[in-house]
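Chain residues, written in single-letter form:
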Amino acid sequence: MNFLAHLYLSNNNTNIMVGNFIADHIKGNNYKGFLEEVQKGIFLHRAIDTFTDAHKIVRKSKRRLHERYGHYDGVIIDVFYDYFLAKNWSAYSAIPLDIYTQSIYALFTQKAAELPEKSQKFIAYMVEYNLLFNYKNKEGIAKVLNGINARTKGISQMNLAIEDLNILETELEKDFTIFFKDLIDFSKIAIDK
């Protein structure tokens, strides 16, 4: 899953959100200097990633893209699934997406100095381009895919994946809807551990 889903699955706990957000920038056991709830967010992020990678529906989604993108299929599906979450946000949250994302930006801007340098840089990028909110439209998704493609120096060809989204949107959205229900249930249990 990508950023919006990880944040949503943090159960509106700001410290868990912070940990969930910075988890990709925390290697091994380098989490030990953080507050206990932030650590819980890091562990939640890792558990979500493991659950997602092993889920049969996610694997089905990846197979739809694998021939064209190889091992980048999972990254693309993460982005597409955030698109479906943003697109259908009102089915998952009573808080409108624009208000939710602005509150996230405010939280991370306030906490930025406490976070890893890579997370700080990403926060600035995320706020500047209103990334989380723009996941709800294909133009925003195309920009994300183009950015990731540029970071792979064009090897991933993810810039082409918006074409696949246009072709496979109905099937992939069905996959997401089934999978995300399972992931919500899993995350609630993981947080309570």
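Look up: the structure comes first, before these words.
None of these values were measured; they are calculated from a predicted model.

Basis of the calculations
- Residues numbered from 1 in each chain as written.
- Predicted model: local features only at pLDDT ≥ 70, side-chain atom pairs only at ≥ 80, totals over all residues.
- Heavy atoms only, no water.
- Axes fitted to C-alpha atoms, helices over the stretch in contact; angles between N-to-C directions.
- Helix = DSSP H or I, 4+ residues; strand = E, 2+ residues; numbered from the N terminus.
- Parallel < 35°, antiparallel > 145°, perpendicular 65-115°, else oblique.
- Left-handed = near helix turned anticlockwise from the far one by under 90°.
- Contact = heavy atoms within 4.5 Å.
- Nonpolar A, V, L, I, M, F, W, Y, C, P; charged D, E, K, R; others polar.
- Buried < 20%, exposed > 50% of the residue type's maximum accessible area, 1.4 Å probe, protein only.
- Salt bridge = Lys/Arg side-chain N within 4 Å of Asp/Glu carboxyl O.

Asks: What is the right way to read the packing of helix α2 (residues 14–22) against helix α3 (residues 36–54) from this model?
Replies: Helix-helix packing: each pair is described by the crossing angle between the helix axes and the interaxial distance. At their nearest, the axes of α2 and α3 sit 6 Å apart, and the two run at 50° to each other. As far as their axial angle goes, α3 and α2 are oblique. Here α2 runs over α3; the crossing is right-handed. Touching Asn15, Ile16, Val18, Gly19, Asn20 and Ile22 of α2 are Glu37, Val38, Lys40, Gly41, Ile42, Leu44, His45 and Ile48, all from α3. Broken down by class, the residue content of the contact of α2 with α3 amounts to seven nonpolar, five polar and two charged.

Asks: Just checking my understanding: could you explain the packing of helix α5 (residues 73–87) against helix α9 (residues 138–151) for this structure?
Replies: Interaxial distance between α5 and α9 falls to 10 Å at its minimum, and their mutual angle equals 160°. Considered as vectors, α5 and α9 are oriented roughly antiparallel to each other. For the pair α5 and α9, the sense of crossing is right-handed. Residues Val75, Ile76, Val79, Phe80 and Tyr83 of α5 touch α9, and the partners they reach there are Lys138, Ile141, Val144, Leu145 and Ile148. Looking at the contact of α5 with α9, its residues break down into nine nonpolar, no polar and one charged.

Asks: It is not clear to me how unusual backbone geometry should be interpreted in this structure. Could you clarify?
Replies: Glycine aside, residues mostly have negative phi angles, and peptide bonds mostly take the trans form. Unlike most non-glycine residues, Asn12 shows phi in positive territory, near 60°. Among the residues examined, Asn12 registers a relative accessible area of 55% and is labelled exposed. In this structure, Lys153 is a non-glycine residue whose phi angle is positive, near 55°. Among the secondary structure elements, Lys153 is positioned in the loop between α9 and α10 (161–192). Judged by its relative accessible area of 74%, Lys153 is exposed.

Asks: Just to check I follow, could you spell out the pattern of salt bridges for this structure?
Replies: Where charged atoms from two side chains of opposite charge approach closely, those side chains can pair. Going through the model one piece at a time under the given rule, you end up with nine salt bridges. With a shortest N-O distance of 3.1 Å, Asp175 and Arg64 are connected by a salt bridge. With Asp175 in helix α10 and Arg64 in helix α4 (residues 56–69), the pair connects residues that are 111 residues apart, well separated along the chain. Looking at Asp175, the relative accessible area reads 3%, which means it is buried. Between Glu163 and Arg68 there is a salt bridge, with its nearest N and O atoms 3.0 Å apart. Of this pair, Glu163 sits in helix α10 while Arg68 sits in helix α4, placing them 95 residues apart in sequence. The class of Glu163 is partly exposed, set by a relative accessible area of 38%. The partly exposed category is assigned to Arg68, whose relative accessible area is 37%.

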